[in-house]
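Working through the structure, step by step
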Amino acid sequence: MERQRTRQVMLALALAGSLLLTGCGGGDEGSKSSADGARGGSYDSGFPGPDQPQGEQNPDESRGDYVTPSPDYLSTFALDVDTASYGYARRTLAEGRRPDPSTIRPEEFVNSFRQDYDRPDGNGFTVTVDGARTSKDDWSLVRVGLATRSAEENADERPPAALTFVIDISGSMAEPGRLDLAQQSLDTMTERLRDDDSVALVTFSDQAETVLPMTRLGDHRDRIHEAIDSLKPTYSTNLGAGVETGYETAVEGLREGATNRVVLISDALANDGETDPDAILDRIDTARREHGITLFGVGVGSDYGDALMERLADKGDGHTVYVSGDDAEKVFCEQLPQNIDLTARDAKAQVAFDPETVASFRLIGYDDRRVADDDFRDDRVDGGEVGPGHTVTALYAVRTRPGADGHLATATVRWQDPKTRAPHEKSAGLETFDDSLRAANPRFQVDAVAAYFADALRDPATDNRLPGRPSLSELAHWADELGDRTEDGAVRRLADSIRQARHLAD
C-alpha cells in the first residue's frame, strides 16, 4: 500500500509540473512549432543511442540505489498519418535497391497497416494502450493506438470538398508511373466525388498555370476529364511556383463550410525556383492559417524527393502517401474520405510513464514530430490533422524496473474540433504485463515486425538495434506466419519486402 501511495505521489508531481509549465507557456501566436524546444521525451539508460555506447549504464543505476536521472517522464508528439516512407521503401526494394536510411521513418511503416482498435461513434478518438515483453530482458514494446470513426460512418454527411489539384508536369514526370498514373487516378476519382464537391486544377513545370478554376462537379465532369487528359510533361520542376499558385487558386475558390484542401501530386524533384519547404510555405502562410487550407502530398516515381514532400506536408497541416501501380486506386478511391475529410485538427499525444515501474523508454520514430512536453495543451502549437478511418500507432521501447508491478503509463490525445476549434482530450492507462510479444494480438505483432524492419533498414548494425530485433530472415518468417493468421495481403507483401532486403544484404 505504501509503495502504491509513493508511486501515485511521484506521478502526480510529474503531471503537475507539466501542467504548470503549460500554464506558463507564452509567446506570440504562431511563434512555436512542433520542432521548437522539443526535448525528445525519452530516457535511454542502458539503451544504445548516437551519444551513448552500447552497454553504458546510468552511473546512479550501477550503484544499486537508483536515482531518477530527470523529472521528465513524459513523451509528446504531433500525430502523423503519413505512409509515404514505407511505400517508397517497398518500391525501391522491388527494384533491387536498398532505400537510403534517411528516407526510413518507422512510424510510417507501422501506420501503413490495418489495425483493430475500437472506434468512436463521432468525431474524436479512442485510445488503446497495450504492451508485450520482447526477448531482451526487462525490455518491452508498448503500443499507443488512436483511432477515428470509420470512413463509412456518416460518409454521406461529410462536408463538401473543395480540392485544388497541383500537378507536376515537369520532364521527369514523363517516366511511366508518374504523370500517366496521376491522370488515371484523377479520372477515376472524378467519378467518385459527389455532385456538390468542387475541383480546381493547377499545373507546374518551370512556371505554374491554373488550368481549371474551382468547378462544381455536378454536370461538369466531362470538362474536368478534358482538363486532366490534356496534361503533357514539359520542362523543369518549379515546385514552389506550383504550390504558391495552387494556394492562390484554392483561396479564390474557397468554399465556406467545405473541406478546402490542396492536393500536390509530384515526384518532388524540385530543380527550379524556390526549393526550401519552409520558404515555400511561408509564402502561403496566410492561406494556410486564416482559411484552414490543408495540404495532401501524393508522391510518385522511382526517384522521389521524399524529404521535401514530407516536410511540405508537415508544415502544410497535412499528410503524405506514396503511390505506384495499384496503390493509386486505393488512395484516390477506397481511401478518398479519409484523405479529403477531417475529424481532428492539431492533434497531439502525450504519454506519461510511471517512474516507479519504468526505468527508461524510447519513442520509435516520430523524429520530426516531437513536441515540447509543456506545449501539449498550448493549442497555438501545431499538431497533426487526421481524417475519418485513420488510425495512428506509436510504439515505445520500454525498460521496466526488475519486479515492477502496477501502473506503467497513461496516454492522452488532445485535438481540436475541425469546425469549432474547441479542444478535447481522451486518455487510457496501462498496467504492467507478462505477455510475450509472440503471444500478443496479431495486429500488435504486425506493428512490431514493421518497426523492426524499419529499424533494420535505417540502422543495420547490431549494436544500435531495437531491443529484441530479430534477423531479417527471422522477420520474414514471422511476417509470413502473420500473413497467414490475418489473411491480410498487405502483411504478406511486407514479408516479400523483408526477403528482398535480406537478399540485398547478402
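This is a predicted model, so every value here is computed, not measured. (Residues numbered from 1 in each chain as written. Predicted model: local features only at pLDDT ≥ 70, side-chain atom pairs only at ≥ 80, totals over all residues. Heavy atoms only, no water.)

Counted according to the given criterion, the structure contains twelve aromatic pairs. On the basis of an interplanar angle of 40 degrees and a centroid distance of 4.6 Å, the ring pair of F77 and Y366 is categorised as tilted. Linking F77 in strand β1 (residues 74–78) with Y366 in the loop between β11 (358–363) and β12 (384–386), this pair joins segments that are 289 residues apart in sequence. The pair F77 / Y366 is uniform in exposure class, with both members buried. Plain terms: the ring middles of F109 and F453 are 5.9 Å apart, the flat faces sit at 65 degrees to each other, and that makes the pair edge-to-face. On the criterion of sequence distance, the pair formed by F109 in helix α4 (residues 106–110) and F453 in helix α13 (residues 442–458) is long-range, its members being 344 residues apart. There is no split in this pair, since F109 and F453 are both buried. One aromatic cluster in this structure is built from Y73, F353, F361 and Y396. The positively charged end of R438 is found above the aromatic ring belonging to W478, 3.9 Å away from the centroid. (Phe/Tyr/Trp six-rings, centres within 6.5 Å; stacked < 30°, edge-to-face > 60°. Helix = DSSP H or I, 4+ residues; strand = E, 2+ residues; numbered from the N terminus. Buried < 20%, exposed > 50% of the residue type's maximum accessible area, 1.4 Å probe, protein only. Lys NZ or Arg CZ within 6 Å of the ring centre and 35° of its normal.)

In this structure, the largest pocket occupies an estimated 1,200 Å³ of space. At the level of secondary structure, the elements contributing two or more residues to the lining of the largest pocket comprise α3 (84–94), β9 (319–322), α11 (327–334), α12 (336–340) and α15 (489–505). (1 Å grid on protein atoms, 1.4 Å probe; cavity = no way out; pocket = protein on both sides within 12 Å on 5 of 7 lines; lining within 4 Å. Points joined across faces, edges and corners; volume = space filled by probe spheres on them.)

On to the pattern of salt bridges, then. Oppositely charged side chains are able to pair whenever their charged atoms sit close together. Overall, the coordinates contain 28 salt bridges when judged by the stated rule. For R97, the salt bridge is made with E95, and the minimal N-O distance between the two is 2.7 Å. The exposure class assigned to R97 is partly exposed, which follows from its relative accessible area of 33%. One salt bridge in this structure joins R492 and D484, with 3.8 Å as the shortest N-O distance. (Salt bridge = Lys/Arg side-chain N within 4 Å of Asp/Glu carboxyl O.)

This part is about the sheet that holds strand β8 (residues 294–299). Taken in spatial order, the six strands line up as β6-β5-β4-β7-β8-β9 in an open sheet, and their pairing is mixed. The outermost strands of the open sheet, each flanked by one partner alone, are β6 (208–216) and β9. Strand-to-strand twist in this sheet, taken as the mean axis angle between neighbours without regard to direction, amounts to 15 degrees. In terms of strand pairing, strand β4 (residues 161–168) meets strand β7 (residues 259–266) through seven bridges, oriented parallel. Bridge pairing in β7 links I167 to I265. Together, β5 (198–204) and β6 form the strand contacts of helix α6 (residues 221–229), whose direction differs from that of β6 by roughly 165 degrees. Where helix α7 (residues 239–252) meets the sheet, it contacts β4, β5, β6, β7 and β8, and its direction lies at approximately 155 degrees from that of β5. (Pairing = 2+ DSSP bridges. Axes fitted to C-alpha atoms, helices over the stretch in contact; angles between N-to-C directions. Contact = heavy atoms within 4.5 Å.)

Moving on, we get to α7. Here α7 contains 14 residues, and its C-alpha end-to-end distance of 20 Å stays within 8% of the 20 Å for a straight helix at 1.5 Å per residue. Here α7 lies mainly inside the structure; ten of its 14 residues are buried. Regarding α7, the residues found buried are L239, G240, A241, G242, V243, T245, G246, Y247, T249 and A250. (Expected span 1.5 Å × (residues − 1).)

Another aspect to go through is the sheet that holds strand β3 (residues 139–147). Strands sit in the order β2-β3-β13-β11 across an open sheet of four strands; the sheet is antiparallel. Looking along the sheet, the strands with just one partner apiece sit at the ends: β2 (126–133) and β11. On average, each strand axis in the sheet is inclined to that of its neighbour by 25 degrees, with strand direction left out of account. Taken together, the nine bridges between β3 and strand β13 (residues 391–400) define a ladder with antiparallel strand orientation. From the neighbouring strand, L146 faces β13, where its bridge partner is V392. Helix-sheet contacts for α13 involve β2, β3 and β13, and the interaxial angle to β3 is about 110 degrees.

Let us now look at the side chain of N238. Tracing the sequence through the fold places N238 in the loop between α6 and α7. By relative accessible area, which is 12% here, N238 ends up buried. Separated by 3.2 Å, the side chain of N238 and the backbone oxygen of D206 make a polar contact. When sequence neighbours within four positions are dropped, the list of residues in contact with N238 reads F204, S205, D206, D272, G273 and E274. (Polar contact = N/O pair within 3.5 Å; in protein donor to acceptor, adjacent residues only side chain to side chain.)

In this section: the pairing of strand β14 (residues 407–416). In terms of burial, β14 is a largely internal element, nine of the ten residues being buried. As paired elements, β14 and strand β15 (residues 423–431) share nine bridges and run antiparallel to each other. The residue bridging R414 from the neighbouring strand is E425, located in β15. Here β14 folds back onto β15 in antiparallel fashion, the turn holding six residues, of which R421 has a positive phi close to 65 degrees.

Moving on, we get to the side chain of N260. If you trace the backbone, N260 turns up in strand β7. For N260, a relative accessible area of 8% corresponds to the buried category. Among the polar contacts listed, one links the side chain of N260 to the backbone oxygen of R255, at a separation of 3.0 Å. With sequence-adjacent residues up to four places away left out, N260 is seen in contact with A162, L254, R255, G292, I293 and T294.

Membership of the largest hydrophobic core comes to 37 residues, with the highest contact counts inside it found for F109, F453 and I498. Of all elements in the fold, only α3, α4, α13, α14 (472–486) and α15 reach the threshold of two or more residues within this core. If you tally residues by element for this core, the top one is α13, at eleven residues. (Core = buried A, V, L, I, M, F, W, Y, C linked by side-chain atoms within 4.5 Å.)

This part is about the packing of α13 against α14. Direction vectors running N to C along α13 and α14 enclose 150 degrees, while the axes themselves pass 10 Å from each other. Accordingly, the angle class assigned to the pair α13 and α14 is roughly antiparallel. At the point where α13 passes α14, the crossing takes the left-handed sense. Every residue of α14 that contacts α13 at P442, R443, Q445, V446, A448, V449, Y452, F453 and A456 is listed here: L472, L475, W478, A479, L482, R485 and T486. (Parallel < 35°, antiparallel > 145°, perpendicular 65-115°, else oblique. Left-handed = near helix turned anticlockwise from the far one by under 90°.)

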